[in-house]
Amino acid sequence: MKRPFAELSGTGSYAPPRVMTNDEFSKILDTSDQWIRERTGIRERRISTKEETNACMGKAAALQVLEQNGLTPLDLDAIVYATASPDRLLPSQACDLQAILGAKNAAALDVGAACSGFVYALSVAEGIVAAQQAERVLVVAAEKLTSIMDWSDRTTAVLFGDGAGATLVRPCTGTRGILSSYLKSDGTLAELLYRRGGGASHPPSEELLKDHSYYIKMAGREVFKAAVLSMADACDQALRRAGLTADDIDLLIPHQANIRIIEATAKHAGVPMEKVYVNVDRFGNTSAASIAIALDEAVKTGRLTAGMTVMFCAFGAGFTWASMVVRW
Ligand code: ACO
């Protein structure tokens, strides 16, 4: 087994207080609590207000991590920010967080890997630490997806939610740390899950607002099939690279998109559901933030304790998929 270069230290998260239930959706769309629960496992999700920007949610999660590490924002060497729903397109979300955090000694960059964003960002942070470019790398994953989803489209609107999670990646101090990571993408499948408009090739226009191409579009069934295959590949690769088997995993934290994808992933990996962290019922799909929020909950509720081995696996738009095994 590889000796880890970097470890995760401290966790934080933020969930907007506003809870939206499936029944509320059934009042504005042709859907039902029963359909949403049976197909996705989602009961409710959090909806941010205008004031709860992506950066504000990221900051709330980051401050918890800094406090647990006895650090101030000035101690940070780098900020890696995973998001698919930044507050604005320029500058990066990481630079905006750096400004409101007052982390003026840090380098700041975004990672765009949609729902795989947190695992990608952790891996980038690990690389920065291994290259001895930085010693204290704040990793934040936050989403304000409800501002880029089509509230009139029942096939996507019921799936997403808002929130943020964070951790610190630093050089290893002992045997705990990142044991393996695996990143993969297939850009040829991008159009199964994407936003056509709003970028430089389709800049804002009246047509874009009229045809709703500013919002997330998804071919749900195709994405579902790809997610199951990719998450299975991700688990296999992370275990193989760590030199471990499923029996060595104490907790699996998969991306929280759909309970059926989570169950299929756990079954393929050979990890029983008792060892799988699930909160998709309460948060829906928070894309990049989903594993980060679940990780913070798992730590704070005592599901993940020192010495345990945890595996993350994710899948998202791109397509991207990724996994990581960490000795906690
Ligand atoms: N309420 C009621 N009916 C609905 C709803 C809804 N909210 N949404 C779709 N339907 C209907 C469809 O219109 C369709 O009706 P039809 O048969 O008359 O045409 C029927 O339900 C079945 O639709 P499917 O899309 O085949 O339903 P499916 O069982 O595949 O479930 C779902 C849809 C939940 C979206 C599923 O495909 C899924 O979870 N896909 C993966 C999503 C995912 O993992 N995304 C990850 C990445 S997200 C990111 O990166 C930002």
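Presented here is a report on the structure given in the accompanying data block. (Residues numbered from 1 in each chain as written. Predicted model: local features only at pLDDT ≥ 70, side-chain atom pairs only at ≥ 80, totals over all residues. Heavy atoms only, no water.)

Below, the discussion takes up the site of the ligand. By nearness alone, 26 residues border the ligand, and Thr 31, Arg 39, Cys 115, Arg 221 and Asn 258 come closest of all. Thr 31 has a polar side-chain atom sitting 2.6 Å from a nitrogen atom of the ligand. One of the side-chain nitrogen or oxygen atoms of Asn 258 is found 2.7 Å away from an oxygen atom of the ligand. Among the elements that make up the shell around the ligand, the one with the highest residue count is helix H8 (residues 220-242) (four residues). Tallied by class, the residues present in the shell around the ligand amount to 13 nonpolar, eight polar and five charged. Of the domains in this structure, domain 1 (6-176) and domain 2 (178-327) are the two that each give at least three residues to the shell around the ligand. (Near = heavy atom within 4 Å. Polar contact = N/O pair within 3.5 Å; in protein donor to acceptor, adjacent residues only side chain to side chain. Helix = DSSP H or I, 4+ residues; strand = E, 2+ residues; numbered from the N terminus. Nonpolar A, V, L, I, M, F, W, Y, C, P; charged D, E, K, R; others polar. Domains from an automatic or database assignment.)

Taken together, four strands build an open sheet; the order of strands is S8-S13-S12-S11 and the sheet is mixed. The open sheet has two edge strands, strand S8 (177-185) and strand S11 (251-254), and neither has a second partner. Averaged over all neighbouring strand pairs, the angle between strand axes comes to 10 degrees, with direction disregarded. Alignment of S8 against strand S13 (residues 320-327), held across eight bridges, turns out to be antiparallel. Across the sheet, the residue bridging to Leu 183 is Ala 322, located in S13. Packed onto the sheet, H8 meets S8, S11, strand S12 (309-316) and S13 and runs at close to 145 degrees relative to S12. Helix H11 (residues 289-300) rests against S11 and S12 of the sheet, and its axis sits at about 150 degrees to S11. (Pairing = 2+ DSSP bridges. Axes fitted to C-alpha atoms, helices over the stretch in contact; angles between N-to-C directions. Contact = heavy atoms within 4.5 Å.)

A word on the pattern of salt bridges. A complete count under the given rule lists eleven salt bridges for this structure. In this structure, Arg 176 and Glu 7 form a salt bridge, with 3.6 Å as the shortest nitrogen-oxygen distance. Of this pair, Arg 176 sits in the loop between strand S7 (162-171) and S8 while Glu 7 sits in strand S1 (residues 6-14), and the two are 169 residues apart along the sequence. Residue Arg 176 is classed as partly exposed on the basis of its relative accessible area of 23%. For Glu 7, a relative accessible area of 0% translates into the label buried. Across the pair Arg 196 and Glu 207 runs a salt bridge whose closest N-O atoms are separated by 3.6 Å. Taken as a pair, Arg 196 in the loop between strand S9 (193-194) and helix H7 (206-210) and Glu 207 in helix H7 lie far apart in primary sequence, eleven residues in all. Overlapping salt bridges bring together Glu 7, Arg 170 and Arg 176 as one network. (Salt bridge = Lys/Arg side-chain N within 4 Å of Asp/Glu carboxyl O. Buried < 20%, exposed > 50% of the residue type's maximum accessible area, 1.4 Å probe, protein only.)

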